[in-house]
Amino acid sequence: MNFLHRRADRLHLEEVPLARLAEAYGTPLYAYSAAALSAAYQALDQALAPVPHRICYAVKANPNLAVLRHFARLGAGFDIVSGGELARVLAAGADPGRVVFSGVGKSRTEMRAALEAGIHCFNVESEAELARLDLVAGELGRAAPVSLRVNPDVDAKTHPYISTGLRQNKFGIPIEDAPRLYRAAAGLAHVRVVGLDCHIGSQLTDLAPMADAADRVLALADRLAQEGMPLEHIDLGGGLGIRYRDETPPNAAAYGALLAGRMQGRRETLLVEPGRYLVGNAGVLLTRVEYIKRGAERTFVIVDAAMNDLLRPALYDAWHAIEPVELRPERTPVPCDVVGPVCETSDFLGRERVLAAAEGDLLAILSAGAYGMSMSSTYNSRPRPAEVMVTGNEIRLIRERDSIASLMAGEWLPD
Ligand SMILES: *Cc1c(COP(=O)(O)O)cnc(C)c1O
């Protein structure tokens, strides 16, 4: 189903014309389709239905409280990477017993908060972290539930900045070291080994590396069981890609069938940690054209959104479709770069595009639901955008635009 569509030349998100959103809330503005969030979740949930499973939404993709609550109500668990994300999940009313905590640099404070909340599992990424977690849990008189995140050394064939499963990456424990660390963990007084985890990268468009990683992880789980360390769950991470341009990622059914096929007949529960797949194509970033600038070599469409609002093009040279909210067939499209007002050459949202844009027009930057708002900043002292959620023809403001005052809050002029 398509939640973004044209009706009489005008782009709509579900039943709402995007132009109406821009008029009501201003630009730049992030808008998400609740139905698209549900559809993505349910497609994956159904694909995994043959085996006991839990979908732990990776909060960092889009941590808005309303998005978290939406997934909590659908039955999701959560994958967090910081104490801040834990606080968000709790504020959204989610069950901490469905939270897994990933990341290479968990602080004592974060460990304590997660232990006190009673999370499902820590995905431990190093020997040093395991030792510290044992100490912190001991101080609280608890046993920390633990998975080791192993690095299966497979090439996820994605952008190098978002590949995490190779030997040279900072993530996880080399898979050949895992049995020794599991034995060590089993001997710790304040750690309870419950699972095994991996996550090989993001925006994966090929099933083969996921299959390889799953096979290596499951072989390790079998070996641990033979050594008397049976596990309760296997967490195969996130990373399922989406279509931004012409990628052909596996759909939820194919991905789910691959994982469920491998888990069939096993005793462990399957966990997955999708982020981008659940939210990426559910969101758009709306922006208005400020100026058309005809440079010596090319035309610049200068818009009111910038790299601080959507960093992916500047950070990864990522490609997002950019479409006029209203089609104007009478105009002639011209080659152009779509750029923001920030003082950096890397401040572009799309290069080498062909658009018939004019001052005052609205543009929609598509597939902006994941790693859009969550990576935004206030660089150049620009207020971060507002966010709205659309359900049918209903519109809900789910985050106010930053005020200029909020940008200066907490700063002091010393005497
Ligand atoms: C970022 C991340 C995810 C989610 O990745 P997506 O590509 O958005 O699915 C899952 N697990 C871990 C440990 C992560 O760091």
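Scope of this entry: the structure provided in the associated data block. Bear in mind that the values here come from a model prediction, so they are computed numbers and not experimental data.

Conventions adopted
Sequence order as written defines residue numbering, which begins from 1 separately in each chain. The predicted origin of the model limits local features to residues at a pLDDT of at least 70 and limits the giving and counting of side-chain atom pairs to 80 or more, whereas totals for whole chains, interfaces and linings rest on all residues. Hydrogens and water are ignored here; the side-chain numbers use all heavy atoms of the structure. In DSSP terms, a helix is any run of H or I states spanning at least four residues, a strand is any run of E spanning at least two, and both are numbered starting from the N terminus. Only C-alpha atoms enter the radius of gyration, while the globule expectation follows 2.2 Å times N to the 0.38, with N the number of residues. Contact definition: two residues touch when any of their heavy atoms are within 4.5 Å. For the accessible areas, the method is Shrake-Rupley and the probe is 1.4 Å, while residue cover comes only from the protein chains on display. Asp and Glu count as negative and Lys and Arg as positive, but His and the ends of the chain are not part of the count. Charge coordinates come from a single atom per side chain, which is NZ of Lys, CZ of Arg, CG of Asp or CD of Glu. Definitions used for this entry: grid spacing 1 Å over protein atoms alone; cavity, a set of points where a 1.4 Å probe fits but cannot get out; pocket, an open set with protein on both sides within 12 Å along at least 5 of 7 lines; lining residue, one with an atom within 4 Å of a point. Grid points are joined across faces, edges and corners, and a volume is the space filled by probe spheres set on the points. The rule for a salt bridge is simple: a side-chain nitrogen of Lys or Arg has to be within 4 Å of a carboxyl oxygen of Asp or Glu. Here, proximity means that at least one heavy atom of the residue falls within 4 Å of the molecule or strand. Polar contact is the term for a pair of N or O atoms within 3.5 Å; when the atoms are in protein, one must be able to donate a hydrogen and the other to accept it, and sequence-neighboring residues count only if both atoms are side-chain atoms. If DSSP finds at least two bridges between two strands, the strands pair.

Okay, the overall build of the chain next. In terms of regular secondary structure, the chain is built from 12 helices and 21 strands. Relative to the compact-globule value of 22 Å for 415 residues, the chain shows a C-alpha radius of gyration of 23 Å, a close match. Dimensions of the chain, computed from the C-alpha atoms along their principal axes, are close to 70 × 60 × 40 Å. Counting only contacts in the chain whose residues sit at least 6 apart along the sequence, the fraction spanning at least 24 positions is 69%. Carbon and sulfur atoms make up 50% of the accessible area of the chain, which totals about 17900 Å². Across the chain, the 44 positively charged side chains and the 51 negatively charged ones have centroids separated by 2 Å.

Our focus in this paragraph is empty space enclosed by the protein. Under the defined criterion, the tally for this structure stands at one cavity of 30 Å³ or more. For the largest cavity, the calculated volume is near 90 Å³. Lining the largest cavity are Cys198, His199, Ile200, Met210, Ala213, Ala214, Leu236, Gly238, Tyr255 and Leu259. When residues in the lining of the largest cavity are grouped by element, the largest group, three residues, is from helix 8 (residues 207-226).

This brings us to the pattern of salt bridges. A full pass over the atoms with the stated rule returns 22 salt bridges. The partner of glutamate 227 in a salt bridge is arginine 223, with the nearest N and O atoms 3.4 Å apart. Each of Arg183, Arg223 and Glu227 takes part in salt bridges that share partners, so that together they form one network.

This part covers the site of the ligand. Looking at the ligand, there are 15 residues lining it, with Lys60, Ser202, Glu273, Arg276 and Tyr371 nearest. Between the ligand and histidine 199 there is a distance of 3.5 Å, counted from a nitrogen atom to a side-chain nitrogen or oxygen. The backbone of glycine 239 places a nitrogen or oxygen atom 2.8 Å from an oxygen atom of the ligand.

Moving on: unusual backbone geometry. Along the chain, threonine 27 connects to proline 28 via a cis peptide bond; the corresponding omega equals -10 degrees. Relative to the helices and strands, proline 28 is located in the loop between helix 1 (18-25) and strand 4 (29-33).

Attention now moves to the sheet that holds strand 1 (residues 4-7). Taken in spatial order, the three strands of this open sheet run 1-2-3, and their pairing is antiparallel. Because the sheet does not close on itself, it has two edges, and the strands there are strand 1 and strand 3 (16-17). Here strand 1 pairs with strand 2 (residues 10-13) via four bridges, running antiparallel. Looking at the pairing, arginine 6 lines up with leucine 11 of strand 2.

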